[in-house]
Amino acid sequence: MVRQFENASVVHFAIDANTASEPSIPFQEHPFFDLSIEGGGEYECRNEGGGSCEGHMFHTYTISPALPDDLSAIKFVFKECKEPFQQPVRKAGEGK
C-alpha cells in the first residue's frame, strides 16, 4: 500500500507466512528488507521499522521526494537482509 503526501510517500510492505501446512509455526527468523525505487528519478527510502505476529509481518518506509501519482513507471525493489542496514541476502520473491 502506498500513501501519498505533499513532500513524501509512505509504503507499507506486508508479508504473510505460508501457514497452510503448519498454522501454528510463526516466522523462523525475522527478516529485514531494504527498499529501493527504480524508474522515475532518484528517491531516498528510509525504513521506519516494522513488526510481526502470528505469521504476519510488516515494514513501513518513507520515500522522498513524493512518488508520482501514476506509479506505472515505478518499480519497488525489496532486498532481504539478515540484519538491518546490512548487505542484501536476496531480493524479495527470489528463492534461497
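Predicted model, so just to flag it, every value in this text is computed and none were measured. Within every chain, residues take consecutive numbers counted from 1 along the sequence as written. Confidence filtering applies because this is a predicted model: local features only for residues at pLDDT of at least 70, side-chain atom pairs given and counted only at 80 or more, and all residues used for totals across whole chains, interfaces and linings. To obtain the side-chain values, all non-hydrogen atoms of the structure were used and water was disregarded.

(A) Just the pattern of salt bridges, in detail. In the sections that follow, a salt bridge refers to a side-chain nitrogen of Lys or Arg positioned within 4 Å of a carboxyl oxygen of Asp or Glu. For the structure shown, the criterion picks out one salt bridge. Of the charged contacts, one joins E48 and R46 as a salt bridge, the two residues approaching to 2.7 Å between their closest N and O atoms.

(B) How the structure looks around the nonpolar core. L35, I37, Y61, I63 and F78 are the most contacted members of the largest nonpolar core, which has 13 residues in total. Strands here are runs of E lasting at least two residues and helices are runs of H or I lasting at least four, both read from the DSSP assignment and numbered beginning at the N terminus. If you list the elements that add at least two residues to this core, you get β2 (9-16), β3 (32-38) and β5 (56-64). In this description, contact between two residues means that some pair of their heavy atoms is separated by no more than 4.5 Å. When sequence neighbours within four positions are dropped, the list of residues in contact with Y61 reads S9, V10, V11, F13, F33, D34, L35, R46, N47, E48 and F78. By convention a nonpolar core is built from buried Ala, Val, Leu, Ile, Met, Phe, Trp, Tyr and Cys residues, the set being connected through side-chain atoms within 4.5 Å. Partly exposed residues are those whose accessible area sits between 20% and 50% of the maximum for their type, while under 20% is buried and over 50% is exposed, using a 1.4 Å probe and protein chains only.

(C) Spatial organisation of the side chain of S9. On the secondary structure map, S9 appears in strand β2. Looking at S9, the relative accessible area reads 0%, which means it is buried. Of the polar contacts made by the side chain of S9, one reaches the side chain of Q4; its length is 2.3 Å. The residues contacting S9, other than those within four sequence positions of it, are V2, R3, Q4, Y61, T62, I63, A66 and L67. Polar contacts here mean pairs of N or O atoms no more than 3.5 Å apart (in protein, one a potential hydrogen donor and the other a potential acceptor; neighbouring residues in sequence count only if both atoms are side-chain atoms).

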